[in-house]
Amino acid sequence: VMYVFAVFIVYRLTDYFESQGSGIDEEMAFELRLKWGGVYRSMVSLFMAITGGADWADLLSPLRSVSDTNEIIFVVYIFFMLAGV
């Protein structure tokens, strides 16, 4: 489950970086790459979100700046992992 959500988030962020080109804010790009820069990093961030290793708001903030849909995906992941698994 975590892998599927990580791949989906990375796919959405890759699409965002490709569509923005050089017009992306460098600070935001750094935050996105730090927390969500690849499947492994995304899985670690998702794991930290459900185990209390990182605050949800800190992980969600860079995702929200890309798209509101990312916020929904993240919240659905948290709900699914806490309630369903």
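Residues numbered from 1 in each chain as written. Predicted model: local features only at pLDDT ≥ 70, side-chain atom pairs only at ≥ 80, totals over all residues. Heavy atoms only, no water.

K.L.:
Mind laying out the packing of helix α1 (residues 2-20) against helix α5 (residues 68-84), listing which residues take part and the relevant values?
P.N.:
Contact geometry for α1 and α5: axes closest at 11 Å, N-to-C directions at 170 degrees. When the axis of α1 is compared with that of α5, the two are roughly antiparallel. From α1, M2, F5, F8, I9, R12 and L13 reach across to α5, where they touch T69, N70, I73, V76 and Y77. Of the residues in the contact of α1 with α5, the class split is 8 nonpolar, 2 polar and 1 charged. (Axes fitted to C-alpha atoms, helices over the stretch in contact; angles between N-to-C directions. Helix = DSSP H or I, 4+ residues; strand = E, 2+ residues; numbered from the N terminus. Parallel < 35°, antiparallel > 145°, perpendicular 65-115°, else oblique. Contact = heavy atoms within 4.5 Å. Nonpolar A, V, L, I, M, F, W, Y, C, P; charged D, E, K, R; others polar.)

K.L.:
Which residues make up the nonpolar core, and what values go with them?
P.N.:
Of all hydrophobic cores here, the largest spans 24 residues; its most connected members are W36, L46 and F74. Mapped by element, the contributors of at least two residues to this core are α1, α2 (26-36), α3 (39-51), α4 (56-66) and α5. No other element matches α1, which puts 7 residues into this core. Sequence-distant contacts of L46, that is, excluding residues within four places in its chain, are made with M2, F5, A6, I9, W36, F74 and Y77. (Core = buried A, V, L, I, M, F, W, Y, C linked by side-chain atoms within 4.5 Å. Buried < 20%, exposed > 50% of the residue type's maximum accessible area, 1.4 Å probe, protein only.)

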